[in-house]
Each structure stands twice: as structure tokens, then as C-alpha cells.
Amino acid sequence: MTETRHDVLDAARPMIECQDVQKYYGDYHALRGINLTIREGEFFSLLGPSGCGKTTLLRTIAGFEDISSGAVLIDGNRMEEVPANKRPTNMVFQSYAIFPHLTVAQNVAFGLRRDPRGKDEKARLVDEALAMVGLKGYGARAAHALSGGQRQRVALARALILKPKVLLLDEPLSALDRKMREQMQVELIKLQRQVGITFVLVTHDQEEALVMSDRIAVMFEGEIAQLDGPEALYARPVNRRVADFIGVMNFLPARILSENGEGAKVEIAGLGEVDLPARQISRANADDEVVIVGFRPETMTLIGPGQPHTQPRETGATIDEVVYYGDMTYYDLRLDGSARLDGGARTVRISMRNLFGRDVQDVGTRTRLAWSPGSLVLFR
Amino acid sequence: MAKSGLDAEARQGLTLMAPPFLYALVILAAPLLTILTYSFLKDGYLEVIREFTLDNYLQVWADPIVRKIMLRSLFVSALVTLVTVALAFPIAYYVSFMVRPERKSMWLFLITIPFWTSYLIRVFLWKVILGYNGVINSTLTGLGIIDEPLTFILYNVNSIVLTLAHAYAPFAILPIFVSLEKIDRSLLEAGRDLGESRAMTFWRVTLPLAMPGVIAATLIVFIPTIGDYVTPELIGGGKIPMIANLIQVQMLALDNRPLGSALAVTAMLIVAVVSLIFLFLNRRFLKVRQ
Amino acid sequence: MKAGMFRGSGLRLYALFYLLFLYAPILLLPLFAFNSGTIIAFPLQGFTTDWFGQMWENATLRRALGNSLTIAVSASVLATCFGIFAARASTRFSFPGKGGIMGFIMLPMVLPEIIVAMSLLVVLLGVGIELSILTVIFGHTLICMPYAIAILSTAFSSLDKSLEEAAYDLGETKWSAFRLITLPLVMPGIVSALLISFTISLDEFIIAFFLAGSEPTLPTYIFSQLRFPKQIPMIMALGTVLVALSICLLAIGEYFRRRGNARIGGKETGGFL
């Protein structure tokens, strides 16, 4: 019987532990009590909008920033007194920070300067590292003559040659164009599997985090809002803000009719009365008094006139707007009876794959929406 | 960290800043404060009497000779600034807009080279050029255009202005050039596209955008020229002293340090006031742009 | 289009005249330096190199040159060292009162030199420090410092902060990261700052005139000789040599700047200033 990646990670020991980490810049409270355990061999992402403290957290792990209180442990050792140059972490910087006056090989070998090993041995290590990132034979090139993607690879080789316990990546793909970025995402995953080192990635790009990570911590204003695997994060966001930040989610106002330990009976604008089990109810919405129900655009289906479907529920709607993307079409729909709850008419966005033979519907068409209560999340 | 008042970064920055700051404190601030103090003290014969007085300033403002020299200094440096900036603007414009990009640095190099030669010798050579039997006069008489050498170009304000306009040319050209270079060329096309004539585009788009450079140039030329000592001495033949010469005479030749100090402080005040006016104008221009 | 071309050529003509205006005094220098006539006026007499010989044999001039070189080398090294401190502090760290401190240090740039010279003189005489080339070095370091800081700040601020962090992260100490990464990358800026400070100091007259006591420097020596018509041809020869030297110095500086630029793949940006 083979172990899955999840099994291995679940059994792995903690590599980074943050215990109530607080960071102040003057009066500004940048990190507000971060508690977090990152496991050995994990690909972990810190995701959030700019200014949420994700880079600050990464830099406290690297040792570039002192923490105001709390503790950071790496591989079980407290790091307060350990400066960045003595920590078992290495960093790939957002700008890559390739030393422009050195060659590629000199850049990669930079961290080996204090290493007692011989010259030939070091040269072999450099060649190995360059081969690992797909830059075999580039050693003699001038660093400033490289393209963005190549710089990124040199930065990776330079950090990995020291065999750190943790590799820290600060928005490493943000400077690349879309094609290159998608290619590097896949390569980074492969590289991480190959070397088995713990990767901690900082990104503001939710798609990037979903694609690459084993687990993701979503941060807002110096706090972790949710820490989960990609699927759980996408399907069951803990609050409206996380839901909004990750992917697209439709929100409809709702009213709780009755509630017990098993679940709740709610009336949703445009969708009618629904029974929701407890696992579909999120209570982390303290700042948001209004009860709302959310669902993802791809979880509901447009049904042509008379067309059969297997969903338990259907709702009448009118097409307000059509946005055609080639592989997908987005429809903005006005739901029948959506004004009944509080007087405001609601539109929702539905995405449909443009499968062969499926026609794109026109604006103004009367249509039906097929859906299942299982795709709804209640925020209260 | 928050407790110690200054965080690690601020302490490191201040530590690094300490040597140059202390140096400037000792070599600049202490002397400036000294003359500020002196300017309020009484002059005794060959010594300074420690007694507060405003006489020095009264004298600076009341004495007709001092006032005349002050006004002349202001007038000369204003004229120099006007001439220098007016002569420099077309050059900056030419290099920025007409010269091909790869040749721009060569032009700048050409403009700055004369600046790197001895200031004194440059000033003296203008005397040679403008002199009674200097280059211009001997050429013109040689060609039979004039019979008598021209005298209006030597030992007067004109010659001082011309000499200083030459000496400070690069200081005026470079800031204007920099501000012209920053102008987005598509703005000019937009101006033309919106139906403005070439001249109107220049007047309504280019000139306002170049204004910060012009104001910087004005200040950079004005400040050193008002304190210039060499040119009035050499070109003016000592007959048309400016404020620097006056300060020097009071401080050293007449050994009246309080009065000399009051003159120096007044000169600094004039420079400060003029600078503030221009900085204010600059801010107005920047505000209009936003 | 035609109007534009006309305008362009008109400006071009103006630019050429302006260059003539800029270079007029410098073009005259060698003419009179090699002219055998003792009066600095046209028409020229014959060709001679006597003035250069006279210059070479002049002991006071040699002493002035020695003094000037001592002053310029010391002042430029001091100003550049202070400049490195200030430029690094201002571009890399934020601390309270930064704007005020920087403004104060840059003040000599906008202060008439006569005031710097006079106020320093008053203090030196008051404290009883003897005037010497040392006091000139003090003054010159002060006025060169803002220029050095301006040049070095540009060099430091164009550096990516994470370069040094990367070196530190890769196991270097803060000092060795500075030495291995930052220093080589700002070296062209340091060379420029040294050269410009050196040139400013070498040519500075007012401070040297008032603070050197009885010691001559090149500019004060030139100034003293300009009163004697007999000495002027020799001064012209001296001026010619100085012009030639400063053009060489500038060319060397420009060469190093471009090489430094090419080495790190920087963009070509204007000239020396």
C-alpha cells in the first residue's frame, strides 16, 4: 500500500512554528498574534492583499525583521537570538536580487564562500544546482544579461545549493509574464517534490496559491483569517472576505427561519427555502451582521427550455449580460422572485463551459437555473 | 523594540549619519552661530565688546554706501540669473528635443568641459576678450569697423554679467535639461492633437512642465553669484564692489567683525528670502500640474 | 514640417554660437600660452614654449601645486568618506529628523562661499588656531561633502535593497555583505564623488584665499600673479596645462563610469553630473 502525499505530510514533524507572533512598526500593528505550524516537506503559502503582513511574516521567519513578542521556532529551535545569516533558511527575493557584477556561477556559489570544501567540489555543486533548475552550461554568463525567468532560476539555484531546511519565496513569480508564470508554477512544484525542502511562498495571487500549495494561510490586516488546504479554502471559506478574495462567489441575502444543532432552515432571496446542514454554515462572520448565502459560479447550471437535469432544485431567471471568454461564458442572471425578501432585485453570475454543441444564450432570454443546496454556504 | 523609543533601524541610521553630521555641526553650524552672535555685539577697537546692540543692522540698512552695494549685488545677480537662464533654456531645449538620444550625453559633456577649467583663469580671460585692446576691440579696430576701442564692455556691470553668465552656464543648463527630459513626449503630441499651434503647445504644455527645472536653475545661479567675490575684483577692477567684497573689507581690512557679521547675516537672509519665494513659486507650479 | 525644420536649424545655429561662447576663453588659452609676446593682446607675435619652461622652474608655483594637491586629495577623500556614511544612512534607513539633518549637511551647496569662509575664519581666529593648509582642508571638505553626497545618494538609491539582504541571507555578515556586494556596485559613484570633490577643491579660491594663511594654493597663486602683467603669459601656460589635465581626468572618469555601467548592465544615463 502506498502512502499519499497527505498521509506523509500529516505524519511529518513541524518545521516552522510561530507562537503568538506580534510585530509593531512604531504604532502600526503589522502582525497581530500569528499562530502557525508549517510541516517538514510542505509547500505552504501565505496569501493576502498587499499590506496584510504576509511579507513581514516571511521576513520574520528569515530573520530580517525582529518580532515584538511571541516566538518563531525552526526545526524545534527558538530563533530570537539567531540572525538571518545563521538561520537554516534561504530566500528567493521578489526582485531575485541577482548580484549584477558577478557571473551566474559566482552568484550560485556565493553562499559557499565560507564552506571549507575544495574548489572542484564547489564547482561540481554549482553545476549540479544549475542543472537542477534547467540552466546547465549557463555558469559563465554575466548575470545582468539574463531574462526574468532565468534570473528566477539562478535565485533558486543560489538558495538551494546551501541545502536549507526551509526555502522562503517572496512573490517569486510576480515579475514574470503570464505564460512564463504558469510554466514556473509547475516547475516550482516539481522542484519542491524533488528536493523535499519545506517551501514557504508569499503571494497575492489566489490562483497561484491554489495551484501550488499543500496548505494556504489567508491573511488580512496582520491576522490569519483561514488556514486550510486549497479545496477546503475554495469550497468552504470561513467568511465573506475570504470567499471574496479567493475566486468569484455570488452572495444572496437570507433569513434564518429555524435553527438547531443539526443545521438551519433558511429563506434565500431568489432561491426559496432550503435546509442547510451544520457543515455548510460558517459562523466566523462576527463583523457582518447580515445573514447571507454564497455559492460559486460553476456550481449552478443554465438549462434550456424543456431540457432535463439531475439537480434537485431549479429557479427561473432572465439573462442580463453575457461575457464570452472562448472556453467559458459568464452569464449575469436576474433571479425570479429575488426581490421578495427585502425588496432588492438580485443578479448572480454563473459560468458555463462552452462544450461542443452548447450554444451561447442571448441577453434577455428567459431561462432556468438548476442547482443543489449542497453547493451553498451560509455566512452568519 | 517599541519600548526603546527608537527602533534598531533608526539607531543604525543615526549612527551612520553621525560622522558627517557632527562634522557639519563643528565646521558649519558653530561658525554660523558665531557670526550670528557677533552681529548683535558692539565693535570696540580691535576687539568685540560683549554687549547687545542692533546698531550693526541699523548701519547696514541706513548707510547709503552699504545700501547701494547691497542693491547693486541684488541687481547684478538678478541680471546674471536672468541672462544665464534665458541663454541656457534654448540650449537645454535643443539638446533635449532636437539632438538624437545617443548624442545627448556627448552634448552634455561638451557643455560641462569648460566648467572644469580654472574659474579664475576663465574670469581673467574674459577680461582679455573684453579689454581695451582685447580680442574684440583689436579685431574690430583691425577690421576697420570701429576707430576707437569700445569701453562699455569693460570694468562695468555689463562685463560682470557676461562673465558670470559664462561661469554658471552649466548650472543653468543641466536642471532645465533634466526637467525637459522628464516631459512625456506624447503630451506634446496631445497638445498638437487638441488643435494648439506649435507655439501655443510650447507655451501651454512644455514651458509649465519645464518650470521646476527653470526655478532650480534660477536658484542655483542666483545664490552663488550674489556672494561672488572674484569677478567684481578681477573684471570690475575693484571699482564696483559687491556684497562679498564688502563683507571681506569689514571683516579683515577694517576689522569690524560685528558689522561684517551683520552684513553676512543680512546677505544670508536675502538669499533665504529669495530662495523661499522661488520655492513657493515652484510649489504653485507643481500644484497647478496636479 | 518646413517651419519645424527651420526652427530646428535656427536652434542649431544658436547652439553652435553658444558653444563658441562657452569655449571662447579656453580656445584663447593655448594661443597666448605659446605666443612669444609678453602682452596678452592681438595681434599674436611668434611661437614659443618659454612660458612653460618658466612655469616649470617657478618654485612658488611648485609649492602652490603641492599644497593644492595635498588639500584636494585630503578633502576629496574625507568628503567622499563622509558622503558614503550620509548617502547610505539617507537611502537605506529611516530615522527621525532625517530631512532636517540632510538639509543641514547639504546647506553649503546653497550658501555663498564668502560666508562659509568668513565665518570659519572668525572662529579660527577666535579660537586661536593657526591658519594653514589644514584649515583649508576643513573648509574644502565641508563644501565638497554635499556634492559627494548627491552623487553617492544616486548610486546608493539605485541599488536594490534586497541585494545586501540576499548576501546576508546566504551566510555573509553585514559588513562582508556590504564589502562584497554594495561596495563594488557603488564604486563608480565613489570614483565620481572623488573626482568631482578633487576638482572642486583644486579650483576653489575663496576659502583657500582666506584660510590658507601664508601658504599659496594654485588658485590663490594665480590670483596674486594676475596683478602683474609680466607673469600673465606664464599663467596662460599654467591654465593650458590645467585644462589639458582636467579633460584627461574627466575622460578617465567617464571611461570608468561607462565600464562600471556596462559591467552591471545599467542603462546609459547622461553624462557626469
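Residues numbered from 1 in each chain as written. Chains lettered and ligands numbered in written order. Predicted model: local features only at pLDDT ≥ 70, side-chain atom pairs only at ≥ 80, totals over all residues. Heavy atoms only, no water.

Where an unreviewed UniProt entry is consulted, chain B appears under the name ABC transporter permease, with the organism given as Paracoccus marinaquae. Under Sequence similarities (unreviewed entry), UniProt gives the following word-for-word description of chain B: "Belongs to the binding-protein-dependent transport system permease family. CysTW subfamily." What UniProt records for chain B under Subcellular location (unreviewed entry) is the sentence "Cell membrane". (UniProt positions renumbered as here; feature names shortened; annotations may be inferred.)

Caption draft 1: Molecular detail of the overall build of chain B. Counting its regular elements, chain B contains 13 helices and two strands. Referenced to the eigenvectors of the C-alpha coordinate spread, the extents of chain B come out at roughly 80 × 70 × 35 Å. Contacts spanning at least 24 positions in sequence make up 67% of the contacts within chain B whose residues lie at least 6 apart. Total accessible area on chain B stands at roughly 13800 Å², and carbon and sulfur atoms take up 67% of it. Averaged over its 23 positive side-chain charges, chain B has a centre that lies 6 Å from the centre of its 18 negative ones. (Helix = DSSP H or I, 4+ residues; strand = E, 2+ residues; numbered from the N terminus. Contact = heavy atoms within 4.5 Å. Areas by Shrake-Rupley, 256 points an atom, 1.4 Å probe, with all protein chains shown as cover. Lys, Arg positive; Asp, Glu negative; His and termini not counted. Charge placed at Lys NZ, Arg CZ, Asp CG, Glu CD.)

Caption draft 2: View of the overall build of chain C. In terms of regular secondary structure, chain C is built from 11 helices and zero strands. Beginning at the N terminus, the succession of helices and strands in chain C can be written as α-α-α-α-α-α-α-α-α-α-α. With the C-alpha coordinates aligned to their principal axes, the bounding extent of chain C is approximately 70 × 70 × 30 Å. By the burial criterion, 53% of the 273 residues in chain C qualify as buried. (Buried < 20%, exposed > 50% of the residue type's maximum accessible area, 1.4 Å probe, protein only.)

Caption draft 3: View of the environment of Tyr-324 of chain A. Residues and elements named next belong to chain A. Summarising the element assignment, Tyr-324 is placed in strand S17 (residues 313-324). Judged by relative accessible area, which is 55%, Tyr-324 ranks as exposed. In sequence terms Tyr-324 and Met-352 are 28 residues apart; their C-alpha atoms lie 9.9 Å from each other. In this view, Tyr-324 contacts Thr-329, Asn-354 and Val-360; residues no more than four positions away in its chain are not counted.

Caption draft 4: The arrangement of a nonpolar patch on the surface in detail. Residue and element names in this part refer to chain B. Side chains of Val-273, Ile-277, Phe-280 and Leu-281 sit close together on the surface and give an oily, nonpolar patch of about 360 Å² of accessible area. Mapped onto the elements of the fold, Val-273 is located in helix H13 (residues 257-289). In this structure Val-273 comes out as partly exposed when scored by relative accessible area, which is 44%. (Patch = residues over 30% accessible without salt bridge, like charges linked within 9 Å, V, L, I, M, F, W, Y side chains within 5 Å. Salt bridge = Lys/Arg side-chain N within 4 Å of Asp/Glu carboxyl O.)

Caption draft 5: Summary view of the domain arrangement of chain B. All names here are of chain B. Here chain B is partitioned into domain 1 (1-38) and domain 2 (55-289). Taking the mean C-alpha position of each, domain 1 and domain 2 sit 34 Å from one another. Between domain 1 and domain 2, the residue contacts involve four residues of the former and eight residues of the latter. Between domain 1 and domain 2 the total buried area reaches about 460 Å² when both faces are included, carbon and sulfur atoms providing 75% of it. In terms of surface lost to domain 2, no three residues of domain 1 exceed Ile-35, Leu-36 and Tyr-38, which account for 90% of the buried area on that side. Inspection of the domain 1/domain 2 interface yields zero salt bridges. The interface formed by domain 1 and domain 2 includes zero residue pairs in polar contact (both at pLDDT 80 or more). (Domains from an automatic or database assignment. Buried area = accessible area lost by both parts, 1.4 Å probe. Polar contact = N/O pair within 3.5 Å; in protein donor to acceptor, adjacent residues only side chain to side chain.)

Caption draft 6: Quick look at the sheet that holds strand S11 (residues 250-260) of chain A. Residue and element names in this part refer to chain A. Taken in spatial order, the six strands make up an open sheet running S13-S12-S11-S15-S21-S14, and their pairing is mixed. Each end of this open sheet is capped by a strand with a single partner; those strands are strand S13 (272-277) and strand S14 (281-282). Sheet topology places strand S15 (residues 292-295) next to strand S21 (residues 377-379); three bridges connect them, and they run antiparallel. Counted as the bridge partner of Val-293 is Leu-378 from S21. (Pairing = 2+ DSSP bridges.)

Caption draft 7: Structural context of the sheet that holds strand S2 (residues 28-39) of chain A. Residues and elements named next belong to chain A. Taking strand neighbours across the sheet as the criterion, the four strands line up as S2-S1-S4-S5 in an open arrangement whose pairing is antiparallel. On the outer flanks of this sheet lie S2 and strand S5 (77-78), each paired with one strand and no other. Summarising the sheet, strand S1 (residues 14-25) and S2 pair through nine bridges and their orientation is antiparallel. When the sheet's bridge partners are listed, Lys-23 is paired in S2 with Leu-31. Contacts between helix H2 (residues 54-62) and the sheet are confined to S1, S2 and strand S4 (69-74), with S2 contributing the most and set at about 65° to the helix. (Axes fitted to C-alpha atoms, helices over the stretch in contact; angles between N-to-C directions.)

Caption draft 8: The arrangement of the UniProt feature "transmembrane region" (unreviewed entry) in chain B in detail. Residues and elements named next belong to chain B. With numbering aligned to this structure, UniProt lists the feature "transmembrane region" (unreviewed entry) at residues 21-41, 74-95, 107-132, 152-180, 201-223 and 259-281. Taken end to end, residues 21-41 is 86% helix and 5% strand, and its two terminal C-alpha atoms sit 29 Å from one another. Secondary structure across residues 74-95 comprises 100% helix and 0% strand; the distance between its end C-alpha atoms is 31 Å.

Caption draft 9: Broad picture of the interface of chain C and chain A. Residue-level contacts link 22 residues of chain C with 23 residues of chain A. With both chains or domains summed, chain C and chain A bury close to 2100 Å², and 59% of this area falls on carbon and sulfur atoms. Applying the counting criterion to the chain C and chain A interface returns three salt bridges. When the shortest N-O distance is used, the salt bridge between Glu-172 of chain C and Arg-114 of chain A registers 3.0 Å. Linking chain C with chain A are 10 residue pairs in polar contact (both at pLDDT 80 or more), by the criterion used here. Elements represented by at least two residues in the side of chain C that touches chain A include exactly helix H7 (161-169), helix H8 (174-203) and helix H11 (232-263) of chain C. For the side of chain C that touches chain A, the element with the highest residue contribution is H7 of chain C, accounting for seven residues. Classifying every residue of the side of chain C that touches chain A by side-chain character gives 11 nonpolar, five polar and six charged. (Nonpolar A, V, L, I, M, F, W, Y, C, P; charged D, E, K, R; others polar.)

Caption draft 10: Representation of the packing of aromatic side chains within the structure. What the rule picks out here adds up to 28 aromatic pairs over all chains. With a centroid separation of 6.1 Å and 40° between ring planes, the pair formed by Tyr-14 of chain C and Tyr-18 of chain C is classed as tilted. Within this pair, Tyr-14 of chain C and its partner Tyr-18 of chain C are both found in helix H1 (residues 2-33), separated by four residues, close to a single helical turn. Classification of Tyr-14 of chain C by relative accessible area gives partly exposed; the value is 25%. Geometrically, the ring pair formed by Phe-205 of chain C and Phe-223 of chain C is tilted, given 4.6 Å between the ring centres and 45° between the ring planes. Placement of the pair is Phe-205 of chain C in the loop between H8 and helix H9 (206-211) and Phe-223 of chain C in helix H10 (residues 218-225), with a sequence separation of 18 residues. The exposure classification of Phe-205 of chain C matches that of Phe-223 of chain C, with both residues buried. Counting every residue linked through ring pairs, the aromatic cluster contains Tyr-229 of chain B together with Phe-205, Phe-209, Phe-210 and Phe-223 of chain C. Between Arg-92 of chain C and the ring centre of Phe-93 of chain C, over which it is positioned, the NZ or CZ distance is 5.6 Å. (Phe/Tyr/Trp six-rings, centres within 6.5 Å; stacked < 30°, edge-to-face > 60°. Lys NZ or Arg CZ within 6 Å of the ring centre and 35° of its normal.)

Caption draft 11: Representation of the interface of chain B and chain C in the model. Taken together, the contact pairs 78 residues of chain B with 81 residues of chain C. Approximately 7400 Å² of surface area, both sides summed, lies buried where chain B meets chain C, with 83% of it carried by carbon and sulfur atoms. Per-residue buried area on chain B facing chain C is highest for Met-17, Tyr-23 and Trp-116 of chain B; these three make up 11% of the total on that side. With 22 residues, helix H1 (residues 8-38) of chain B is the largest single contributor of residues to the side of chain B that touches chain C. Counted by class, the side of chain B that touches chain C contains 62 nonpolar, 12 polar and four charged residues.

Caption draft 12: Main features of unusual backbone geometry. All names here are of chain A. In this structure, Asp-75 is a non-glycine residue whose phi angle is positive, near 55°. Among the secondary structure elements, Asp-75 is positioned in the loop between S4 and S5. The buried category is assigned to Asp-75, whose relative accessible area is 18%. Phi at Lys-163 is positive, roughly 45°, even though this residue is not glycine. Positionally, Lys-163 belongs in the loop between helix H5 (148-160) and strand S7 (166-170). Assessed through its relative accessible area of 59%, Lys-163 is described here as exposed.

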